[in-house]
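Architecture at a glance
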Amino acid sequence: MSLRNPAAWVSKNGLEKLSDVAVLKRLKGAKTWLEHIVSVLLPGAEGQVFPNGHRFRLVNGTCISKPGSKGTDFRVHANYDPATGRFTHLKVTDVKVAADLTHGPVEPGDIHIADRGYARARGLHRILKEGGDFLVRT
């Protein structure tokens, strides 16, 4: 959904007059709010303890398009910890930055779980070099 849709919805309902750019600026500053929403959507994950100090890190990303754009303009790279119900890393980049496992911190014992688009040697080697592990579908 374009950012014009929520801007129009807010304006239509008389809450405030917002542009799509204003919505984007608010989203950039909404890390805690977005973490809360995801933690509500994944109930029961909080407080899980994994053996041997291992921690799961769910890695994924999404594309964002500017209003009127014909393609992707930004990428959001995210790492999520299901045990705490919180994001451990969020990063917004331009379209030239690939979705891979080179974004976000790696701690010894982290197990990064990602989809097949993340099965690239550079990111996988980085995870291992920094003491983590990975589970990536290929």
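My aim in this report is to walk through the structure given alongside it, one point at a time. (Residues numbered from 1 in each chain as written. Predicted model: local features only at pLDDT ≥ 70, side-chain atom pairs only at ≥ 80, totals over all residues. Heavy atoms only, no water.)

Structural notes on the overall build of the protein
Assigned secondary structure in the protein consists of 4 helices and 5 strands. Counted from the first residue to the last, the protein has its helices and strands arranged as α-α-α-β-β-β-β-α-β. When burial is assessed residue by residue, the protein has 32% of its 138 residues classed as buried. When contacts within the protein are restricted to residue pairs at least 6 apart in sequence, those whose partners lie at least 24 apart make up 32%. Total accessible area on the protein stands at roughly 8900 Å², and carbon and sulfur atoms take up 58% of it. Between the averaged position of the 21 positive side-chain charges in the protein and that of its 13 negative side-chain charges there is a distance of 8 Å. (Helix = DSSP H or I, 4+ residues; strand = E, 2+ residues; numbered from the N terminus. Buried < 20%, exposed > 50% of the residue type's maximum accessible area, 1.4 Å probe, protein only. Contact = heavy atoms within 4.5 Å. Areas by Shrake-Rupley, 256 points an atom, 1.4 Å probe, with all protein chains shown as cover. Lys, Arg positive; Asp, Glu negative; His and termini not counted. Charge placed at Lys NZ, Arg CZ, Asp CG, Glu CD.)

A few points about the packing of aromatic side chains
Counting across every chain of the model gives 1 aromatic pair. Pairing Tyr 80 with Phe 87 gives two aromatic rings, centres 5.3 Å apart and planes at 75°, and the pair type is edge-to-face. (Phe/Tyr/Trp six-rings, centres within 6.5 Å; stacked < 30°, edge-to-face > 60°.)

Digging into helix H4 (residues 121-129)
Considered for burial, the residues of H4 that qualify are Gly 123, Leu 124, Arg 126 and Ile 127. End-on, the buried residues of H4 take up no more than an arc of 160°, which puts them together on one face. Among the exposed residues of H4, those pointing more than 90 degrees away from its buried face are Arg 122, His 125 and Lys 129. Residues of H4 that are buried make contact with strand E4 (110-114) and strand E5 (133-136). Immediately downstream of H4, the backbone of Gly 131 shows phi near 90°, a positive value. (Arc of directions from axis to C-beta.)

A word on a nonpolar patch on the surface
Judged by side-chain polarity, Leu 27, Trp 33 and Ile 37 come together as a nonpolar surface patch covering roughly 270 Å² of accessible area. Within the secondary structure layout, Trp 33 lies in helix H3 (residues 31-41). (Patch = residues over 30% accessible without salt bridge, like charges linked within 9 Å, V, L, I, M, F, W, Y side chains within 5 Å. Salt bridge = Lys/Arg side-chain N within 4 Å of Asp/Glu carboxyl O.)

Digging into the pairing of strand E3 (residues 86-94)
Bridge count between strand E2 (residues 74-81) and E3: 8 bridges; the pairing is antiparallel. From the neighbouring strand, Tyr 80 faces E3, where its bridge partner is Phe 87. What sits between the antiparallel neighbours E2 and E3 is a turn of 4 residues, in which Gly 85 has the positive phi angle 70°. (Pairing = 2+ DSSP bridges.)

A closer look at the layout of surface pockets
Space inside the largest pocket adds up to approximately 870 Å³. Leu 27, Leu 34, Thr 62, Ile 64 and Val 76 are, among the 34 residues lining the largest pocket, the residues nearest its centre. Counting residues per element, the ones that place at least two in the lining of the largest pocket are helix H2 (20-28), H3, strand E1 (55-64), E2 and E3. Sorting elements by how many residues they give to the lining of the largest pocket places E1 first, with 7 residues. (1 Å grid on protein atoms, 1.4 Å probe; cavity = no way out; pocket = protein on both sides within 12 Å on 5 of 7 lines; lining within 4 Å. Points joined across faces, edges and corners; volume = space filled by probe spheres on them.)

So, the sheet that holds E4
Strand order in the open sheet made by the 5 strands is E3-E2-E1-E4-E5, with mixed pairing throughout. Every interior strand has two partners, whereas the edge strands, E3 and E5, have only one. Mean inter-strand twist for the sheet, computed between neighbouring axes without regard to direction, equals 20°. On the sheet, H4 packs against E4 and E5 and is oriented at approximately 145° with respect to E5. (Axes fitted to C-alpha atoms, helices over the stretch in contact; angles between N-to-C directions.)

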